[in-house]
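Here is what each chain is made of, one letter per residue.
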Amino acid sequence: MSTTLPQDFAGRAVLVTGSGTGIGKASVELFAARGAFVGVHYNQSKEKAARTLAGIEERGGRGTLLRADLAVPSEAEALVGEFVAAAARLDVLVNNAGTPVARAKIEDCPLELWNQVIALNLTGPFLVTKHAIPHLRQSGHGAIVNNLTLSIQTGGANGAGPYGAAKAGLQVMTRTLARELAPQVRTNAVMPGVIETAHHEQFTTPERMEQYRKETPLERNGKPEEAAEVIVFLASDAARFINGALIDINGGRFLR
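Now for a quick tour of the structure. All chains use their own residue numbering, which begins from 1 and follows the written sequence. Only residues with pLDDT of 70 or above have their local features reported here, since the model is predicted, and side-chain atom pairs are shown and tallied only from 80 upward, although totals for entire chains, interfaces and linings are computed over all residues. Values shown for side chains rest on all heavy atoms present in the structure; no hydrogens or waters enter the calculation.

1. A word on the overall build of the protein
Here is step 1 of the chain: Strands are runs of DSSP state E lasting at least two residues, helices are runs of H or I lasting at least four, and both sets are numbered from the N terminus onward. Each helix and strand counted, the protein has nine helices and seven strands in total.
Here is step 2 of the chain: It is over C-alpha atoms that the radius of gyration is taken, and the globule rule equals 2.2 Å times the number of residues to the power 0.38. Here the protein has a C-alpha radius of gyration of 17 Å; the compact-globule value for 256 residues is 18 Å, and the two agree.
Here is step 3 of the chain: For the protein, the spread of C-alpha atoms along the three principal axes comes to 50 × 40 × 40 Å.
Here is step 4 of the chain: Throughout this description, buried means an accessible area under 20% of the type-specific maximum (1.4 Å probe, protein chains only), exposed means over 50%, and partly exposed covers the range between. Counting every position in the protein, which comprises 256 residues, the buried fraction comes to 50%.
Here is step 5 of the chain: For the protein, long-range pairs separated by at least 24 residues make up 76% of all intrachain contacts whose partners lie at least 6 apart in sequence.
Here is step 6 of the chain: A 1.4 Å probe and the Shrake-Rupley method give the accessible areas. Residues count as covered only by the protein chains that appear here. In the form shown here, the protein has an accessible surface area of approximately 12200 Å², with 52% of it arising from carbon and sulfur atoms.
Here is step 7 of the chain: Only four residue types enter the charge count, namely Lys and Arg as positive and Asp and Glu as negative; His and the chain termini do not. A charged residue contributes its charge at one atom only: NZ of Lys, CZ of Arg, CG of Asp or CD of Glu. Distance from the positive charge centre (26 side chains) to the negative charge centre (25 side chains) of the protein: 4 Å. Contacts are residue-level and defined by heavy atoms, with any inter-residue pair within 4.5 Å sufficient.

Written out as structure tokens, the structure is:
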């Protein structure tokens, strides 16, 4: 009988975009703890990403630091190439990077902001995925996990409409990839609820965070590690018959 654990990533290589902070950081740390060679990607947060990688290496993990603006086609392509050059393979891609940029109602949203949000949250994952696919097909364990947003379900409340629209596009792309890449590559997505990260420190008031907590049956907001555990599960062999799925991580918020 094999002694290999279903979530053992030893010998595999995992690229997590936007992995210097928040859910991306927690995910890349957990992948590394499970034995994966990891790609810690950032665009502007170099110091945070470098600290994330340093912490991984201090705990005996292995990885590489990578910078790219994913909305720039040449940089998205180079990101995948640089990671494969460092890891010699690519088994898992986690499209985590994304940001609302700024809150704006649709009627007040400048075209420049709209285009920026779409580029960062939909075009970027498209570009990275496009260049990752040949390597994922060769893996034998190929998996993609896309990180969406609760704004898809809430209709982009409080000025998150452009962000929700971009992530909804990524949701459709998840299902498309699940059909197009099977059986060599599985594609799934997670939809985190309110997770206590720097994202909400920037875009959500403490009063609103408390309201979110009260709206959640589990009576608290989530932690990055709780989202990371689901992401790692979906990328693992334990989820080998899960394809095209969307997993809510919200504490049952819509049960009330």
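Back to the text.
2. Regarding a nonpolar patch on the surface
Here is step 1 of the chain: A surface patch of nonpolar side chains, amounting to about 320 Å² of accessible area, comprises Ile106, Leu111 and Trp114.
Here is step 2 of the chain: Relative to the assigned elements, leucine 111 resides in helix α4 (residues 111-139). The residues that make up patches have over 30% relative accessible area and no salt bridge, and they are joined within 9 Å when like-charged or within 5 Å when they are Val, Leu, Ile, Met, Phe, Trp or Tyr. Salt bridges are counted wherever a side-chain nitrogen of Lys or Arg sits within 4 Å of a carboxyl oxygen of Asp or Glu.

3. Concerning the sheet that holds strand β2 (residues 37-42)
Picture the strands of a sheet paired through backbone hydrogen bonds; they go either parallel or antiparallel.
Here is step 1 of the chain: Strands sit in the order β3-β2-β1-β4-β5-β6-β7 across an open sheet of seven strands; the sheet is parallel. Each having just a single partner strand, β3 (62-67) and β7 (246-249) make up the two edges of the open sheet. This sheet shows a mean twist of 15 degrees between the axes of neighbouring strands, independent of strand direction.
Here is step 2 of the chain: Across six bridges, β2 lies against β3 in parallel orientation. Its bridge partner lying in β3, glycine 39 is registered against threonine 64.
Here is step 3 of the chain: For helices, the axis comes from a line fit to the C-alpha atoms of the stretch in contact; other axes are also lines fit to C-alpha atoms, and the angle between any two N-to-C directions lies between 0 and 180 degrees. On the sheet, helix α1 (residues 22-33) packs against β1 (13-16), β2, β4 (92-95), β5 (142-147) and β6 (185-192) and is oriented at approximately 165 degrees with respect to β2. Strand pairing follows a simple DSSP-based rule, namely that at least 2 bridges must link the two strands.

4. Some remarks on the pattern of salt bridges
Here is step 1 of the chain: Considering all chains together, one arrives at eight salt bridges under this definition.
Here is step 2 of the chain: One salt bridge connects arginine 12 with aspartate 237, and the closest N-O pair in it is separated by 2.7 Å. Within this pair, whereas arginine 12 is found in the segment before β1, its partner aspartate 237 is found in the loop between α9 (224-235) and β7, the two being separated by 225 residues in sequence.
Here is step 3 of the chain: Owing to a relative accessible area of 9%, arginine 12 belongs among the buried residues under this scheme.
Here is step 4 of the chain: Overall, the relative accessible area of 26% leaves aspartate 237 in the partly exposed class.
Here is step 5 of the chain: Arginine 253 serves as the salt-bridge partner of glutamate 215, at 2.7 Å between the closest nitrogen and oxygen. With a gap of 38 residues between them, glutamate 215 in helix α8 (residues 206-215) and arginine 253 in the segment after β7 connect regions that are remote in the sequence.
Here is step 6 of the chain: A relative accessible area of 26% means that glutamate 215 is categorised as partly exposed.
Here is step 7 of the chain: In this structure arginine 253 comes out as buried when scored by relative accessible area, which is 12%.
Here is step 8 of the chain: Residues participating in the shared-partner salt-bridge network are Lys25, Glu29 and Arg59.

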